[in-house]
Each structure stands twice: as structure tokens, then as C-alpha cells.
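# Coordinate inspection notes
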Amino acid sequence: MKKGHEERRERMVASQIEDRGVKDRKVLGAMRNVARHMFVPENMESYAYQDEPLPIGQGQTISQPYIVAYMTEVLQLKGDERVLEVGTGSGYQAAILAKIVKEVFTVEIIEELSIQAQKVLEKLGYENIHFKISDGTQGWKEYAPYDAIMVTAAPAKVPKALQEQLKIQGRLVIPVGSTFQELVLVTREKKKFKKKKLLPVRFVPLISAH
Ligand code: SAH
């Protein structure tokens, strides 16, 4: 059974991720390393390495593996960074980030999802992921500024508070839009924020607490 998952994961990385152009060795290593099937509901385990997003309960989804890899690569991580993630969900993306960087701060608005993710990540032995249950639109001010920020749910426009929690030269990757969404990369240059559109995507909406 274990062997089966490893083989499926290897095939997933080769055919869905490398073949589509993701080259960053750190990202590929993390995608090979993290057991994605541990992050999906039990009845979804056999689909864990397929080329699609999957439901994780509470109307939420774990992103398609390629999108997880692509968004991680866009952040150009070297290894010594502190990264903020908005939308913990299953905890899978947080695990991928935690394999690459020093410290991951992840915020989730739905308590049940955060608690479930915390259980899985603790069981797997991660010690560099910090959790917060709150509205991630406001970021996590206490530990700001961050080298990089990743948002895994889509707002109508880039939240100001998140931009402000970026270091100079920091990078923020975020899906933006209501009906049609695009993945946007925001780079901070002192007081200015440079925006670049990357590709069309579909994410669950970022829930606003206000
Ligand atoms: N990164 C996740 C993907 C989760 S889907 C993973 O790897 O599984 C997006 C998540 O964002 C959902 O869990 C949803 O509850 C959460 N979310 C939506 N609005 C939010 C908000 N305002 N603040 C924090 N999390 C939010």
C-alpha cells in the first residue's frame, strides 16, 4: 500500500509537474517528499495523486498538485525565509513550504480545518509551522514582515494588509477575481508594489469576516 502511494507520487511529479515546466529543485524535492494522501479525507486517498483539486470538507478544496508546485516556485525560495500562508485548509501547502523554508506561519478562518491540519502536521513531525485561526485578509501582524506570502483562496482584489506585511523585495502570490480569477505576483519595491499576472486559475473565494 505504502509502495503504491510512493510510485503514484513519483509519477505525479514527473508527469504533472516536471513535464509542465516546474524546474526548481527544492520545489520538486518537496513535492516528492510530502505524502499528499495524508492530507485528504480517507475516502479520497486513492485520488490523492491525481491531476485535480479534491474536496477536504467544509466546502473547501486542496489545490491541484501542479498549482501547489507552480505557486511555490514563483516565490523563488532559497531556504532561510519566513513565509505567511493564508488558507491552511488541509495543511498540504504548508507542509510543502515547511520542507523548503525556515518558518511557516499559516492562517485559517475555519476552526475545524485548522485543527485537523494541525493534527496531521504534528503526527508527521513538522515543527516549523505556526497556526492561527482568524481572518487571513488581515495577515498575521505579530510576525510580519515576511519574505514571501502565499494566499490559497481568492479575494476580489489584493488585500492591503497583506502587501504591507511583505519585506522589501518580498513576493506575494495570490489568486484574484470573483468570477474569473488570475494568479497575480506582487513584488514589493520600497513603497511601491509591482503586479504581474501569471495565469488563469480557479480557487475557492477568500471569506471576508467583515
Ligand atoms: N492551502 C490549502 C488550500 C485550502 S483552500 C491546502 O493546501 O489544502 C483555501 C482555504 O482558505 C480554505 O481552507 C478556506 O477555509 C480558507 N479561507 C478562506 N477565507 C479565508 C480567510 N479570510 N482567512 C483565512 N483562511 C481563509
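The structure this text deals with has already been given above.
Residues numbered from 1 in each chain as written. Predicted model: local features only at pLDDT ≥ 70, side-chain atom pairs only at ≥ 80, totals over all residues. Heavy atoms only, no water.

## Section: the overall build of the chain
Tallying secondary structure elements over the chain gives 6 helices and 9 strands in all. Radius of gyration (C-alpha) of the chain: 16 Å, near the 17 Å computed for a compact globule of 210 residues. The C-alpha extent of the chain, read off along each of the three principal axes, is 50 × 35 × 35 Å. Partitioning the contacts of the chain with sequence separation of at least 6, the portion at a separation of at least 24 is 55%. When the accessible surface of the chain is summed, it comes to about 10700 Å², and 50% of that surface belongs to carbon and sulfur atoms. Of the charged side chains in the chain, 32 are positive and 26 negative, and the gap between their average positions amounts to 7 Å. (Helix = DSSP H or I, 4+ residues; strand = E, 2+ residues; numbered from the N terminus. Rg over C-alpha atoms; globule rule 2.2 N^0.38 Å. Contact = heavy atoms within 4.5 Å. Areas by Shrake-Rupley, 256 points an atom, 1.4 Å probe, with all protein chains shown as cover. Lys, Arg positive; Asp, Glu negative; His and termini not counted. Charge placed at Lys NZ, Arg CZ, Asp CG, Glu CD.)

## Structural notes on the pairing of strand S8 (residues 181–189)
Most of S8 is tucked away: 7 of the 9 residues are buried. Taken together, the 6 bridges between strand S7 (residues 166–176) and S8 define a ladder with antiparallel strand orientation. Paired with Arg171 across the two strands is Thr187, which belongs to S8. With 9 bridges connecting them, S8 and strand S9 (residues 192–201) associate as antiparallel partners. (Buried < 20%, exposed > 50% of the residue type's maximum accessible area, 1.4 Å probe, protein only. Pairing = 2+ DSSP bridges.)

## Observations regarding the packing of aromatic side chains
The geometry of an aromatic ring pair is captured by two quantities: the separation of the ring centres and the angle between the planes. Considering all chains together, one arrives at 6 aromatic pairs under this definition. Their ring planes at 65° and their centres at 5.7 Å tell us that Phe39 and Tyr92 sit as a pair that is edge-to-face. A residue pair is termed long-range when its members are at least 10 positions apart, and Phe39 in the loop between helix H2 (25–33) and strand S1 (54–57) and Tyr92 in helix H4 (residues 92–100) qualify at 53 residues. As far as burial versus exposure is concerned, Phe39 and Tyr92 are alike and both buried. Each member of the aromatic cluster is reached from another via a ring pair, and the members are Phe105, Trp140, Tyr143 and Tyr146. A cation over an aromatic ring shows up here: Arg20 above the ring of Tyr66, its NZ or CZ 5.4 Å from the ring centre. For the cation-ring pair, Arg36 lies above Tyr92, with the distance from its terminal atom to the ring centre recorded as 5.1 Å. (Phe/Tyr/Trp six-rings, centres within 6.5 Å; stacked < 30°, edge-to-face > 60°. Lys NZ or Arg CZ within 6 Å of the ring centre and 35° of its normal.)

## Describing the nonpolar core
Residues Met31, Phe39, Leu77, Tyr92 and Leu183 are the most contacted members of the largest nonpolar core, which totals 52 residues. Not counting chain neighbours up to four residues away, the residues in contact with Tyr92 comprise Met12, Met31, Val34, Arg36, Phe39, Ile62 and Val68. The next biggest cluster of nonpolar side chains, apart from the first, holds 19 residues, and it includes Ala153, Val158, Val186 and Val204. (Core = buried A, V, L, I, M, F, W, Y, C linked by side-chain atoms within 4.5 Å.)

## Focus: helix H5 (residues 111–123)
Residues spaced three or four apart along an α-helix face the same direction, because each turn holds 3.6 residues. With 13 residues, H5 should reach 18 Å at 1.5 Å per residue; the first-to-last C-alpha distance of 18 Å fits that figure. Among all positions of H5, only Leu113, Ser114, Ala117, Val120 and Leu121 are buried. Viewed along the axis of H5, the buried residues span an arc of 130°, placing them on a single side of the element. Exposed and oriented more than 90 degrees from the buried face of H5 are Lys119, Glu122 and Lys123. Where the residues of H5 are buried, they touch S1, strand S2 (60–62), H4, strand S4 (103–108) and strand S5 (129–133). The first or second residue beyond H5 is Gly125, which carries a positive phi of 90°. (Expected span 1.5 Å × (residues − 1). Arc of directions from axis to C-beta.)

## Quick look at the site of the ligand
Around the ligand, the surrounding shell holds 26 residues, and the nearest of these are Ser90, Glu108, Asp135, Gly136 and Ile207. One of the side-chain N or O atoms of Glu108 is found 2.6 Å from an oxygen atom in the ligand. At a separation of 2.7 Å, a nitrogen atom of the ligand approaches a polar side-chain atom of Asp135. Protein contacts shield 99% of the accessible area of the ligand, which totals 580 Å² for the unbound molecule. Going through the elements one at a time, S2, strand S3 (82–86), H4 and S4 are the ones with two or more residues in the shell around the ligand. Among the elements that take part in the shell around the ligand, S2 stands out by supplying 3 residues, more than any other. Each residue belonging to the shell around the ligand can be placed in one class, and the counts come to 12 nonpolar, 11 polar and 3 charged. (Near = heavy atom within 4 Å. Polar contact = N/O pair within 3.5 Å; in protein donor to acceptor, adjacent residues only side chain to side chain. Nonpolar A, V, L, I, M, F, W, Y, C, P; charged D, E, K, R; others polar.)

## Considering the side chain of His5
Turning to its location among the elements, His5 is positioned in helix H1 (residues 2–18). Residues in contact with His5, not counting those within four places in the same chain, are His37, Glu45 and Tyr49.

In short, shape yes, function no, at least from these values alone.
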